[in-house]
Amino acid sequence: MLIGGERVAAASSQWLESLNPYTGNPWALIPRGAAADVDRAVIAAHTAFRGREWRGLTATARGKILHKLADLIAARADELAAIETTDNGKLILEMRAQLRYLPEWFRYYGGLADKVEGRVIPIDRPGHFNFTLEEPLGVIAAIVPWNSPLMLAAWKMAPALAAGNTFVWKPSEHSSVSALAMAPLFAEAGLPPGVVNIVTGLGSETGETLVGHPNVAKICFTGGDATGALVYQTAAKHIKPVTMELGGKSANIVFADAKLDNAVKGVVSGIFAATGQTCVAGSRALIHRSIHDEFVERFLKIASVARMGNPLEETTQVGPITTQSQYQKVLSYIDIAKQQGAKCVLGGGPAQRPELGGGWFVEPTVFTGVKPDMRIAQEEVFGPVLSVIPFDSDEEALAIANGTIYGLAAGVWTADIGRALKMAHTLEAGTVWVNTYRVSSPLSPFGGYKRSGFGRESGLLSIREFVQEKSVWIETSGADVPNPFIIR
Ligand code: NAD
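Residues numbered from 1 in each chain as written. Predicted model: local features only at pLDDT ≥ 70, side-chain atom pairs only at ≥ 80, totals over all residues. Heavy atoms only, no water.

What should I look at first to understand the nonpolar core in this one?
Side chains of a nonpolar character, in soluble globular proteins, are inclined to be buried together. Ranked by internal contacts, the top residues of the largest apolar core, which has 95 residues, are Phe106, Trp169, Phe186, Val254 and Phe299. The biggest single contributor to this core is helix α7 (residues 149-162), with 11 residues. Shared between two domains, this core holds at least three residues of each, these being domain 1 (2-246 + 452-472) and domain 2 (251-434). Setting aside residues no more than four positions away along its own chain, phenylalanine 106 makes contact with Leu66, Leu69, Ala70, Ile73, Ala154, Met157 and Ala158. If you look at the next biggest cluster of nonpolar residues, it comprises 33 residues, including Ile253, Leu286, Ala401 and Val412. (Core = buried A, V, L, I, M, F, W, Y, C linked by side-chain atoms within 4.5 Å. Buried < 20%, exposed > 50% of the residue type's maximum accessible area, 1.4 Å probe, protein only. Helix = DSSP H or I, 4+ residues; strand = E, 2+ residues; numbered from the N terminus. Domains from an automatic or database assignment. Contact = heavy atoms within 4.5 Å.)

Structure below.
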């Protein structure tokens, strides 16, 4: 782990095996951190937060360090991508693209570091000068899931450090290796010891201590909504602010006037890219009834020949499920969909072929005849399972799209700009993509509506999640203090 600038094992000297989802075999050992390690990491971060080495830096100097870190990550992007693919089974092409772009978050927030300005208030109390300071919060605890380990950490770390906070990062126990491989880069970039700390281990053994630690100022959580609720409860007990990036059941809505081939590719990428293991998976395809059959036909033409295999090979299009328990969960949702009467037109079970190693593969699966209230259309599967739902009018499409507890993202496929704008205004989702899907940038805010969470990552305003405003009053007239028993 990385604590106070030192590479350390867990205090207990225990280790966890990290499994390669393609083979199902262990390929790395990670320290099994526990409460004592979390405590050391938070204290190191808190000491660094108060120390001169970090607090004494100008915002401009912090920004330059983030730029250096970006360059170091860029130089090792392909190596880190290969580690992530081995650890979480997502395609090497996907992880490489993610890692090559990830430095942009550090560059964007590095540039923003010295533009977080306070205000001079034109105060209405004569004889006083009033201004604000934007101050860092302290120790930020980041808890991230296994599907995009470094990217989801970077979305938190870059603005947190730019604003002058320090950081304790708990990666998922299923994909911690890339975080540990990145650990040497922080010192190399010039970050003082303790500014970034990494604690690995099981969520249940490290999470509660981290969230409830008195020296943690804020928790940034990305993960499932059930875990999110636990984190939120613990944070509430300790009156700590949180941001929550949770799950989704995003709808990809295809209208009759859409460029059909693009829409088909968009829906394929929404659900089968990353084997459906992405928070923004477009797991519901809402298709206008007039083009439904043609859409399904064209969709199956692509999806039925998607190449499954070793995610480290560039020709692979669908990789394994990251964990065995997730694999079981995906298969159980396929069974539930069948029991509830959805029609399976592709896949529908485990994929077992010699070229698929010993890992956890599920056939890309498509259900038609899905009713909006079926569980497969309401609950997050987090796997390669698409529900196709026909609709007859814009209003019906909107009602179905908005008819879940989630609100992370939505896709709209149409040639009609008026319809696109109306949808963008009325869809209950933190991101709406029109004639595109799964595109993100450090410049654009990302986050959920409804049970998909709150708070935003990326974009200009998200740095505000990492500062607190202090109001400073100065008496300027030199007048005697009037009656001290009356509020001024
Ligand atoms: P998860 O909720 O099981 O775990 C997320 C993290 O929480 C892990 O690091 C885990 O160790 C930790 N954790 C577990 N129990 C904890 C506890 N009691 N206290 C504190 N931390 C604890 O999620 P997952 O299975 O790793 O990831 C999949 C989920 O993440 C999906 O629901 C997906 O939609 C969501 N996700 C959301 C976004 C987003 O930005 N909205 C992005 C990616 C993934």
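How should I be thinking about the pattern of salt bridges in this particular structure?
Opposite charge on two side chains permits pairing when their charged atoms draw close. One pass over the structure, following the stated rule, counts 26 salt bridges. With a shortest N-O distance of 3.9 Å, glutamate 94 and lysine 90 are connected by a salt bridge. The burial state of glutamate 94 is the same as that of lysine 90; both residues are buried. Note that glutamate 135 is salt-bridged to lysine 470, the shortest N-O span being 2.8 Å. One end of the pair, glutamate 135, is in strand β6 (residues 128-136); the other, lysine 470, is in strand β22 (residues 467-475), and 335 residues separate them in sequence. (Salt bridge = Lys/Arg side-chain N within 4 Å of Asp/Glu carboxyl O.)

So what exactly am I meant to see when it comes to the domain arrangement of the protein here?
As a measure of interface size, the accessible area lost when the parts come together is often cited. For the protein, the assigned domains read domain 1 (2-246 + 452-472) and domain 2 (251-434). For domain 1 versus domain 2, the separation of C-alpha centres amounts to 31 Å. Across the boundary between the two partners, domain 1 contributes 24 residues, which contact 32 residues of domain 2. Summed over both sides, the interface between domain 1 and domain 2 buries roughly 2200 Å², with carbon and sulfur atoms accounting for 62% of that surface. At the boundary of domain 1 and domain 2, one finds 1 salt bridge. When the shortest N-O distance is used, the salt bridge between glutamate 314 and arginine 96 registers 2.8 Å. (Buried area = accessible area lost by both parts, 1.4 Å probe.)

So what exactly am I meant to see when it comes to the site of the ligand here?
Around the ligand there are 28 residues in total, and Val144, Glu173, Thr227, Leu246 and Glu380 lie nearest to it. In the model, an oxygen atom of the ligand is placed 2.7 Å from a nitrogen or oxygen of the valine 144 main chain. Backbone polar atom of leucine 246 to a nitrogen atom of the ligand: 2.7 Å apart, as the coordinates give it. Against a free-state accessible area of 850 Å², the protein chains account for coverage of 88% of the ligand. For the shell around the ligand, the elements supplying multiple residues, two or more each, are α10 (203-212), β10 (216-222) and α11 (225-237). (Near = heavy atom within 4 Å. Polar contact = N/O pair within 3.5 Å; in protein donor to acceptor, adjacent residues only side chain to side chain. Areas by Shrake-Rupley, 256 points an atom, 1.4 Å probe, with all protein chains shown as cover.)

Please explain helix α3 (residues 59-75) as it appears in this structure.
Helical geometry: 3.6 residues make up each α-helical turn, so side chains three or four residues apart lie on a common side. With 17 residues, α3 extends 25 Å between its outermost C-alpha atoms, agreeing within 8% with the 24 Å of an ideal straight helix rising 1.5 Å per residue. Buried within α3 are the following residues: Arg62, Gly63, Ile65, Leu66, Leu69, Ala70, Leu72 and Ile73. In the core, the buried residues of α3 are packed alongside α2 (52-55), α4 (77-88), α6 (103-112), α7, α8 (177-182) and α9 (184-189). (Expected span 1.5 Å × (residues − 1).)

Would you explain the packing of aromatic side chains in this entry?
In this description, a pair of aromatic rings is defined by centroid distance and the angle of the planes. On inspection of all chains with the given rule, the structure shows 12 aromatic pairs. Clustering of aromatic rings is evident, with ring pairs tying together Tyr101, Trp105, Trp155 and Phe446. A cation over an aromatic ring shows up here: arginine 55 above the ring of phenylalanine 49, its NZ or CZ 4.4 Å from the ring centre. Against the face of phenylalanine 466 rests lysine 218, its NZ or CZ located 5.6 Å from the ring centre. (Phe/Tyr/Trp six-rings, centres within 6.5 Å; stacked < 30°, edge-to-face > 60°. Lys NZ or Arg CZ within 6 Å of the ring centre and 35° of its normal.)

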